[in-house]
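In case you want the letters, here they are:
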Amino acid sequence: MKKLAIILFLSFLGITTYAQDKLVTVGFGGGISNVSEKGSGLDMNGLGGNYHVLALFNITPKLSVGAEYGGSYAVLAPENLDKANFEATKFKHFSGKVLYHFSESRIRPYLGFGVGSYSVTPGKMNIQNSNNPIVLTFNKSTTVGYAPEFGVNFGWFSLAAIYHIVPDVKVYNNEYEKVNVNYNSLEFRTTFNINFAQR
């Protein structure tokens, strides 16, 4: 049992120490999201979750480029209204991204930036009106979004904070009203990395 523990520990050190020498990194993970919406006349916010998968080509031990697919969801509602009357808003994105690591050590802080296509599906709203209750549904809309990122890479996993900026989302509801909405999402997440292909 002790030998197995020693082997696993040495394997962990090897992965962590030499991860920056690998050409390719594939990662997956998730976390929590704090999402806000402005522009509809009802400034809304809410907490939710997120998920992602990514693939990176490590050009140098400090510079990586790649692509990411991910999504998040959150029930968005004004502070003074019951969130039970609102369904979750869903986001999906496919983005290119670049990461710059500040060192080549086992623990490597980094900055990143992503840009890509964001698909937004606003949740239904049940507007409680004693005379005429209204259920509003919305179309799915796609626009270009941006995502600055700060994180720390520990080799086989990373911790990061990412701020998704999704501006000028054109939304139509079932009352045929159109609004331009801006969404922002602050994500805290963990990525589990698989590093391979020796440099």
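Here, the structure is the one placed above.
Now for a look at the structure at hand. (Residues numbered from 1 in each chain as written. Predicted model: local features only at pLDDT ≥ 70, side-chain atom pairs only at ≥ 80, totals over all residues. Heavy atoms only, no water.)

Next up on the list: unusual backbone geometry. Positive phi, close to 55°, is recorded for Asp168, a residue that is not glycine. Along the chain, Asp168 turns up in strand E9 (residues 157–172). Given a relative accessible area of 37%, Asp168 falls into the partly exposed group. The phi angle at Ala197 is positive, at roughly 70°, despite the residue not being glycine. (Helix = DSSP H or I, 4+ residues; strand = E, 2+ residues; numbered from the N terminus. Buried < 20%, exposed > 50% of the residue type's maximum accessible area, 1.4 Å probe, protein only.)

A word on a nonpolar patch on the surface. A surface patch of nonpolar side chains, amounting to about 910 Å² of accessible area, comprises Val26, Phe28, Tyr51, Val53, Tyr69, Phe94, Trp156, Phe192, Ile194 and Phe196. Elements supplying a minimum of two residues to the nonpolar patch: strand E1 (22–38), strand E2 (44–58) and strand E10 (178–198). With three residues, the top contributor of residues to the nonpolar patch is E10. Within the secondary structure, Phe196 is located in strand E10. (Patch = residues over 30% accessible without salt bridge, like charges linked within 9 Å, V, L, I, M, F, W, Y side chains within 5 Å. Areas by Shrake-Rupley, 256 points an atom, 1.4 Å probe, with all protein chains shown as cover. Salt bridge = Lys/Arg side-chain N within 4 Å of Asp/Glu carboxyl O.)

Here we take up the pattern of salt bridges. In this structure the tally under the stated criterion is five salt bridges. The partner of Arg189 in a salt bridge is Glu68, and the shortest N-O contact between them spans 2.6 Å. Placement of Arg189 in strand E10 and of Glu68 in strand E3 (residues 63–75) is noted, with a sequence separation of 121 residues between them. Exposure class is identical for Arg189 and Glu68. Each is buried. Between Asp168 and Lys170 there is a salt bridge; the shortest N-O distance is 3.1 Å. Three or more residues are tied together by salt bridges with common partners; here these are Glu68, Lys97, Glu149, Glu187 and Arg189.

Tracing the chain through its elements places Glu37 in strand E1. Contacts of Glu37, omitting those with residues within four sequence positions, involve Leu42, Asp43, Met44, Leu76, Val181, Asn182 and Tyr183. (Contact = heavy atoms within 4.5 Å.)

Tracing the sequence through the fold places Pro167 in strand E9. The spatial distance from the C-alpha of Pro167 to the C-alpha of Asn184 is 8.1 Å, given a sequence separation of 17 residues.

The eight strands lie next to each other as E1-E2-E3-E4-E5-E8-E9-E10, forming a closed barrel whose pairing is antiparallel. Here the average twist between neighbouring strands, direction ignored, is 20°. Examined bridge by bridge, E3 and strand E4 (residues 88–101) share 13 bridges and lie antiparallel to one another. Among the inter-strand pairings, Val75 is bridged to a residue of E4, identified as Ala88. (Pairing = 2+ DSSP bridges. Axes fitted to C-alpha atoms, helices over the stretch in contact; angles between N-to-C directions.)

We now examine the pairing of E2. Where E1 and E2 come together, 14 bridges link them in antiparallel fashion. Looking across to E2, one finds that Ile32 is bridged to Gly49. A loop of five residues connects E1 with E2, the two strands running antiparallel in sequence, and Gly39 in this loop sits at a positive phi of about 125°. Summarising the sheet, E2 and E3 pair through eleven bridges and their orientation is antiparallel. Bridge pairing in E3 links Gly48 to Ala74.

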